[in-house]
Amino acid sequence: NVTVEITEAEYSYKEKTDTNGKFSFGFVPDEACRLLVTKTDYIPVTLDLENGTYDNISVVIDKDVKINLSGVVSEADLSGYGAKDISGAKAVLTRTSSTNQWIATAETDADGAYVFTGLTPGVYELNVEKDGYVPLKQVLTVTSGVAPSLTNFKLEMVAVTPEYSEKHPDGNAD
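Let us look at the structure shown here. Remember, it's a predicted structure, so these values are computed and weren't measured experimentally.

Cut-offs and rules
- Residues numbered from 1 in each chain as written.
- Predicted model: local features only at pLDDT ≥ 70, side-chain atom pairs only at ≥ 80, totals over all residues.
- Heavy atoms only, no water.
- Helix = DSSP H or I, 4+ residues; strand = E, 2+ residues; numbered from the N terminus.
- Buried < 20%, exposed > 50% of the residue type's maximum accessible area, 1.4 Å probe, protein only.
- Contact = heavy atoms within 4.5 Å.
- Areas by Shrake-Rupley, 256 points an atom, 1.4 Å probe, with all protein chains shown as cover.
- Core = buried A, V, L, I, M, F, W, Y, C linked by side-chain atoms within 4.5 Å.
- Pairing = 2+ DSSP bridges.
- Axes fitted to C-alpha atoms, helices over the stretch in contact; angles between N-to-C directions.
- Salt bridge = Lys/Arg side-chain N within 4 Å of Asp/Glu carboxyl O.

## A closer look at the overall build of the protein
Step number 1: Tallying secondary structure elements over the protein gives zero helices and 11 strands in all.
Step number 2: In the protein, the succession of helices and strands from N to C terminus is β-β-β-β-β-β-β-β-β-β-β.
Step number 3: Taken across its 174 residues, the protein has 28% of its residues classed as buried.
Step number 4: Sequence-distant contacts in the protein: of pairs separated by 6 or more residues, those separated by 24 or more amount to 43%.
Step number 5: Counting every atom, the protein has about 11,800 Å² of accessible surface; 48% of that belongs to carbon and sulfur.

## Details of the nonpolar core
Step number 1: Judged by nonpolar contacts, the single largest core of 20 residues is most densely connected at Val73, Tyr114, Phe116, Leu126 and Val128.
Step number 2: For this core, the elements supplying multiple residues, two or more each, are strand E5 (67-75), strand E6 (90-96), strand E7 (101-107), strand E8 (113-119), strand E9 (122-129), strand E10 (136-142) and strand E11 (153-155).
Step number 3: If near-sequence neighbours (up to four positions away) are discounted, tyrosine 114 is found in contact with Leu69, Ser70, Gly71, Val72, Val73, Ala91, Ala106, Thr108, Leu126, Thr151 and Phe153.

## A look at the pairing of E10
Step number 1: Sheet topology note: the E9/E10 ladder contains seven bridges and is antiparallel. Its bridge partner being in E10, asparagine 127 is matched across the sheet by lysine 137.
Step number 2: Between the end of E9 and the start of E10, which pair antiparallel, lie six residues, with glycine 132 showing a positive phi angle near 90 degrees.

## Quick notes on the sheet that holds E7
Step number 1: The strand order across the open sheet formed by four strands is E7-E6-E9-E10, and the pairing between neighbours is antiparallel. Every other strand in the sheet has two partners, leaving E7 and E10 as the edge strands with one partner each. Taken pair by pair, the neighbouring strands of this sheet meet at an average axis angle of 20 degrees, ignoring direction.

## Observations concerning the sheet that holds strand E1 (residues 3-7)
Step number 1: What the four strands build is an open sheet, ordered E2-E1-E3-E4; its pairing is antiparallel. Unpaired on one side and paired on the other, strand E2 (12-16) and strand E4 (45-49) mark the two borders of the sheet. With direction set aside, neighbouring strand axes in the sheet form an average angle of 20 degrees.
Step number 2: Note: strand E3 (residues 33-38) against E4, five bridges, orientation antiparallel. From the neighbouring strand, cysteine 33 faces E4, where its bridge partner is leucine 49.

## Here we look at the pattern of salt bridges
Step number 1: Counted under the stated rule, the structure contains one salt bridge.
Step number 2: In this structure, arginine 34 engages aspartate 48 in a salt bridge whose closest nitrogen and oxygen atoms are separated by 2.7 Å. Taken together, the residues span a long stretch of sequence, with arginine 34 in strand E3 and aspartate 48 in strand E4 at a distance of 14 residues.
Step number 3: Among the residues examined, aspartate 48 registers a relative accessible area of 54% and is labelled exposed.

## Topic: the pairing of E6
Step number 1: With seven bridges joining them, E6 and E7 adopt antiparallel strand pairing. Pairing of leucine 93 across the sheet is with alanine 104, part of E7.
Step number 2: Pairing geometry for E6 and E9, over six bridges, is antiparallel. Looking at E9, one finds that arginine 95 is bridged to tyrosine 124.

## Examining the side chain of threonine 94
Step number 1: Residue placement: threonine 94 occurs in strand E6.
Step number 2: The contacts of threonine 94, once residues within four sequence positions are left out, are Gln101, Trp102, Ile103, Val123, Tyr124 and Glu125.

By themselves, these are just geometric observations and shouldn't be taken as functional.
The following block contains the structure:
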């Protein structure tokens, strides 16, 4: 069963859903209220409701399955001699939802590996950067029980153009 709780300044009232997942309150407040939907091992859902928006509410809850995201950051092999793993690269994982923003940071180890643990389903943006390399960004969708793909990054070195100035014997530039 799923617990549905409606709260406002004066009271809090709980109901359980029936076998079809439906619920009903015998009354509703005359002002804005909050609806909290909970079930063990599921991600709770909170809805802020304005006065008059209480009919036919549909809520979907997701199983609270924790996913790990890991990968390796290495150099792009542009020369054909093999790529080396990049230690000390910064991986920043951001999840933005309608109610909040969540950010986690990891640094790659000596083998270029990084890991984020305990992720819940949702859309994330992963940014990987290291001084001297072109940063990369990947948008990932994490779904229940499925680790996202494309978690390895190949960074290209920043092209450096040397400055050249020809000087005359008298010290003046061309």
